[in-house]
Amino acid sequence: VAQSKGNNGDKNTSDVEGSDANQQHQQQQQQHKFWREAPKPSRTTFSILGREYRHGKPVTRLEMRPWTGRTHQLRVHCAQVLGAPIVGDDIYGWKMASETVKREDEGMDHESSSNMAIDEDGPLCLHAHRLCIQHPISGASMIFEADPPF
């Protein structure tokens, strides 16, 4: 479960594909092998659980299911594929907000850009609602569930 900035259009469910490489992190590409290697395919499905307001700004509560296990996959797909970073994301959300401010000078209205502002004081609104694993010794299925704290 995640809270994503904005209202994410009218779709209630979708299937998105993208890559792990975040093209906005060009300086980091030279510092770590993660940024130098070719991106691997990744797939996430999501559905909209509801639309809400957080600190007076619209957010969308999403259920997201990663089909692949790439680093930062859900964060990248929200920010780059959906165009709405997860609330509190200081890695992909910050870059998105910076780009939005940059585009504001090119004619984007102020209200749209302010919707992308980062919730710097708040936590990353990304939570594993359900984890299903096999017990390492018995092989029995184990399911853990917890409601999101946001």
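The structure we're discussing is the one just above.
Predicted model, so just to flag it, every value in this text is computed and none were measured.

K.L.:
How do you make sense of the nonpolar core when you look at a structure like this?
P.N.:
As a rule of thumb, nonpolar side chains are buried together in soluble globular proteins. Ranked by size, the top nonpolar core spans 13 residues in total, and within it Phe46, Leu62, Met64, Cys78, Ile86 and Cys125 carry the most contacts. Elements with a minimum of two residues in this core: β3 (41–54), β4 (57–66) and α3 (73–81).

K.L.:
Whenever I open this one, the side chain of threonine 44 confuses me. Can you help?
P.N.:
When you line up the elements, threonine 44 lands in strand β3. For threonine 44, a relative accessible area of 2% corresponds to the buried category. Looking at threonine 44, its side chain comes within polar contact range of the side chain of glutamine 73, at 2.8 Å. Here the side chain of threonine 44 touches histidine 77 through a polar contact of 2.8 Å, side chain to side chain.

K.L.:
Sorry if this is basic, but what is going on with the pairing of β4 here?
P.N.:
For a regular strand, the rule is simple: side chains alternate between the two faces of the sheet. Alignment of β3 against β4, held across 10 bridges, turns out to be antiparallel. Bridging across to β4, tyrosine 53 finds its partner in proline 58. Adjacent in sequence and paired antiparallel, β3 and β4 are bridged by two residues, among which histidine 55 carries a positive phi angle near 55°.

Calculation notes
Residues numbered from 1 in each chain as written. Predicted model: local features only at pLDDT ≥ 70, side-chain atom pairs only at ≥ 80, totals over all residues. Heavy atoms only, no water. Core = buried A, V, L, I, M, F, W, Y, C linked by side-chain atoms within 4.5 Å. Buried < 20%, exposed > 50% of the residue type's maximum accessible area, 1.4 Å probe, protein only. Helix = DSSP H or I, 4+ residues; strand = E, 2+ residues; numbered from the N terminus. Polar contact = N/O pair within 3.5 Å; in protein donor to acceptor, adjacent residues only side chain to side chain. Pairing = 2+ DSSP bridges.

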